[in-house]
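Fold and contact review
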Amino acid sequence: MKILLPDTMPLAPTLPEGCEAVTIDARAEIPAEHYDAQVLVLWGPSGRHLESAVDNLADLRLVQSLSAGIDGILAAGFREDVVIAAGAGLHSRTVSEHALALLLSLLRRLPEAREAQQRHEWSTEIGGLQPLHPEGRVTTLIGAKVLIWGFGEIGQTLAPMLTALGAEVRGAARSAGTRSGYEVIAEADVLAALPEVDVLIDILPASEQTAGAVGREALAALPDHAIFVNVGRGATVDQTALREALEAGTLGSAGIDVTDPEPLPVEDPLWDAPRLLITPHGAGGRPVGADDRISTNVEALADGGEILHAAAR
């Protein structure tokens, strides 16, 4: 069995006997001598790389993505008998770190502190004696009501971090219940819950159902002091509505790691929205445990076992 590995990150998976791993250029067309590959591992592939895989890998049985989101791969046109496996779980800790960094930066007003530093100003508005819970602003996670919309592996990794800092955390998913010890409300009930939310964290995947989920109605339902963080997908947010809410003061602040489109065009007015912190899709970008995931799924493919995080097709 031949496994094609991308050159976009160092990989050295342990493979079953009889397997051959070949590293190829993930930005180029797949060389003809590798058209016999049965497994294709993807990390940052170009469009032509995907297209050449769809057109030429006649023996392909498994596409293993190292990305958690695989909407682009599912839309690429692979045969229905090809298993497409997501990299779900490989980014849980790093994305959770980034979400927490964005949130704490906004809570502790670090962007404003940086601006004051550039002015050589010791800001008494930011420092010194401060109330724990000032009216009209969230400044601590102690007692903050946090809703994580999209309560998958990343959300369930992030939730205990927030709890440890004093937040009251709930999740939101397609169906209500309990996950990892946390109450999860149904997506149909999110709008009704938002007026009591201090922090809304978006970890939604991109789909027809989630497009623009955080739009004017959701943003209007949040309290004026609320903080919004998006480490999911840019398409899940109405960016015009987000900018308008920040400009109108009906949203406290926001931190986003994703936009639609990406990169965000230089002339886009979102750049200049007040109290908005933008990072350039840097939350993930470094899969943790990629070699083990490849090894596990290649072995499962060889033995007829269950492929981890195989997408429904």
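Here the structure is shown first, and the text comes after it.
Here we take up the environment of V231. Looking at where V231 falls in the secondary structure, it is placed in the loop between β11 (227-230) and α8 (239-248). Expressed as a C-alpha distance, the spacing of V231 and G282, which sit 51 residues apart in the sequence, is 9.2 Å. Setting aside chain neighbours within four positions, we find V231 in contact with V95, A99, L102, D202, I203, D257 and A283.

To continue, consider the packing of aromatic side chains. This structure, assessed with the given rule, holds one aromatic pair. Aromatic pair F151 and Y182: ring centres 6.1 Å apart, planes at 65°, arrangement edge-to-face. With F151 in the loop between β6 (145-149) and α5 (153-164) and Y182 in strand β9 (residues 182-186), this residue pair connects regions lying 31 residues apart in the sequence. One exposure class covers both F151 and Y182, and it is buried.

Taken in spatial order, the five strands of this open sheet run β2-β1-β3-β4-β5, and their pairing is parallel. A strand with exactly one partner marks an edge of an open sheet, and here the two such strands are β2 (20-24) and β5 (83-85). Between one strand axis and the next, the sheet turns through 15° on average, direction left out of account. As defined by bridge partners, strand β1 (residues 2-6) adjoins β2 across five bridges and the pair is classed as parallel. Residue pairing for β2: L5 is matched across the bridge by T23. Where helix α9 (residues 290-303) meets the sheet, it contacts β1, β3 (39-42), β4 (62-65) and β5, and its direction lies at approximately 165° from that of β4.

Now for unusual backbone geometry. Looking along the chain, the bond that leaves D260 and enters P261 is cis, with omega of 5°. Within the element layout of this structure, P261 appears in the loop between β12 (253-256) and β13 (276-278). Along the chain, E262 connects to P263 via a cis peptide bond; the corresponding omega equals -5°. As for its position among the elements, P263 is in the loop between β12 and β13. Notably, R275 is not glycine yet its phi reads approximately 55°, a positive angle. Notably, H281 is not glycine yet its phi reads approximately 50°, a positive angle.

Rules behind the numbers
- The numbering scheme is per chain: residues are counted from 1 as the chain's sequence reads.
- Residues qualify for local features only when their pLDDT is at least 70, as the model is predicted, and side-chain atom pairs are given and counted only at 80 or more; totals for whole chains, interfaces and linings, by contrast, use all residues.
- Only heavy atoms go into the side-chain values, all of them from the structure, while hydrogens and water stay out.
- Going along the chain from the N terminus, every DSSP run of H or I of four or more residues is numbered as a helix, and every run of E of two or more is numbered as a strand.
- In what follows, residue pairs with any heavy atoms lying within 4.5 Å of each other are defined as contacts.
- When two rings of Phe, Tyr or Trp (its six-membered ring) have centres within 6.5 Å they constitute a pair, described as stacked for plane angles under 30 degrees, edge-to-face for angles over 60, and tilted for the intermediate range.
- Partly exposed residues are those whose accessible area sits between 20% and 50% of the maximum for their type, while under 20% is buried and over 50% is exposed, using a 1.4 Å probe and protein chains only.
- Any two strands between which DSSP finds at least two bridges are classified as paired.
- Geometry is summarised by axes, namely lines fitted to C-alpha atoms with helices restricted to the contacting stretch, and by angles between N-to-C directions that run from 0 to 180 degrees.

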